[in-house]
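# Coordinate inspection notes
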Amino acid sequence: MSFVEIETASQPECWRRAADLAASQSSALPVAGERVAVVGCGTSFYMAQAYAALREGAGQGESDAFAASEFPSGRAYDRVVALTRSGTTTEVLELLDRLRGTTRTVAITADPDTPVMTSADDVVVLDFADEKSVVQTRFATTALTLLRAHVGLHTDAVVRDAETALAEPLPEGLLDCTQFTFLGRGWTVGLANEAALKMKEASLAWTESYPAMEYRHGPISIATDTTATWMFGTAPEGLPEQLRATGARWVDSDLDPLADLVRVQLLAIARATARGLDPDSPRHLTRSVVLADD
């Protein structure tokens, strides 16, 4: 069994621990009314997108998400939240250094023995969700669970849905699809982006992701009987029927969208295995992008 299979299966317990931890970490995390930016790279950036939309939608305050390398200089925030599994990503560390003394920062990481521990003003360590696989699964979803719980948007039902996702078989025929499109609305746009990345990293799939209402504005033109379109959350009215009329496969779920992401992780692993790939070590990728000094 690969590391990523073990780590994917451990998510319900990790989410329980993160939800329990949220109250004790409240002083480090954004408070209602603050103007907040959330940053990360790769998977962490997409979790940042999901959290920013959740937080602002919950009336907690203006919340933006950026790739760490694209943080707008000169824009004022009360707090910047950095998501970094490894604690060593160059772009995140450089941004935290630039913000030192001007903006309060908090890093959420999996490794307490890395430079981020002294780069941020506050640090929340989720070492129980650290991973051996290059491909992120449980750290990303556990960090988002911590943040959902902090804003009062996590329930035990989410964990139960994750257990259901792990127990049920994947929809038939998905392994035969040649292209996958993932759609979201609001906070689930970040999940759709992450789903596309996960399939791309682990199984070299041709993937795309969009806000659901944008799908009609061009991307639906590629839909055919060998493609699948996967919706996170409630679909726009009429879109499932329009998609099915193309001959493409429509995939959705009544599970909590974060639990539905677990199903995509399982699909990525299954597709990688079917193609003889190692889902723990995707080509050209490392656990962390650390750039050498010029």
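One can find the structure itself at the top, above this paragraph.
About the criteria used
- Residues numbered from 1 in each chain as written.
- Predicted model: local features only at pLDDT ≥ 70, side-chain atom pairs only at ≥ 80, totals over all residues.
- Heavy atoms only, no water.
- Helix = DSSP H or I, 4+ residues; strand = E, 2+ residues; numbered from the N terminus.
- Polar contact = N/O pair within 3.5 Å; in protein donor to acceptor, adjacent residues only side chain to side chain.
- Pairing = 2+ DSSP bridges.
- Axes fitted to C-alpha atoms, helices over the stretch in contact; angles between N-to-C directions.
- Contact = heavy atoms within 4.5 Å.
- Left-handed = near helix turned anticlockwise from the far one by under 90°.
- Nonpolar A, V, L, I, M, F, W, Y, C, P; charged D, E, K, R; others polar.
- Parallel < 35°, antiparallel > 145°, perpendicular 65-115°, else oblique.

### Notes on the environment of T88
Among the secondary structure elements, T88 is positioned in the loop between β3 (79-84) and α4 (90-99). Looking at T88, its side chain comes within polar contact range of the side chain of S86, at 2.9 Å.

### Examining the sheet that holds strand β1 (residues 36-40)
Judged by pairing direction, the sheet is parallel, and its five strands sit side by side in the order β2-β1-β3-β4-β5 without closing on themselves. Two strands in the sheet have a free side with no partner beyond their single neighbour: β2 (63-67) and β5 (122-125). Averaged over all adjacent pairs, the angle separating strand axes in this sheet is 20°, with direction ignored. Examined bridge by bridge, β1 and β2 share five bridges and lie parallel to one another. Among the inter-strand pairings, V36 is bridged to a residue of β2, identified as S63. Strand contacts of α4: β1, β3 and β4 (104-109), with the helix running at about 160° to β3, the strand carrying the most contacts.

### Structural notes on the packing of helix α2 (residues 11-22) against helix α6 (residues 138-150)
At a closest axis distance of 8 Å, the pairing of α2 and α6 adopts a crossing angle of 35°. Crossing geometry of α2 relative to α6 is assigned as right-handed. Residues Q11, C14, W15, A18, A19, L21 and A22 of α2 form the contact with α6, whose participating residues are R138, T141, T142, T145, L146, A149 and H150. Across the contact of α2 with α6, the residue classes break down as eight nonpolar, five polar and one charged.

### What to know about the packing of helix α7 (residues 156-167) against helix α10 (residues 257-274)
Where α7 contacts α10, the two axes come as close as 8 Å, and the packing angle between them is 25°. If you check the angle between α7 and α10, you find them roughly parallel. Read as a crossing pair, α7 and α10 show a hand that is right-handed. Across the interface between the two elements, V158, D161, A162, A165 and L166 of α7 pack against A259, V262, R263 and L266 of α10. Partitioned by chemical class, the residues of the contact of α7 with α10 number seven nonpolar, no polar and two charged.

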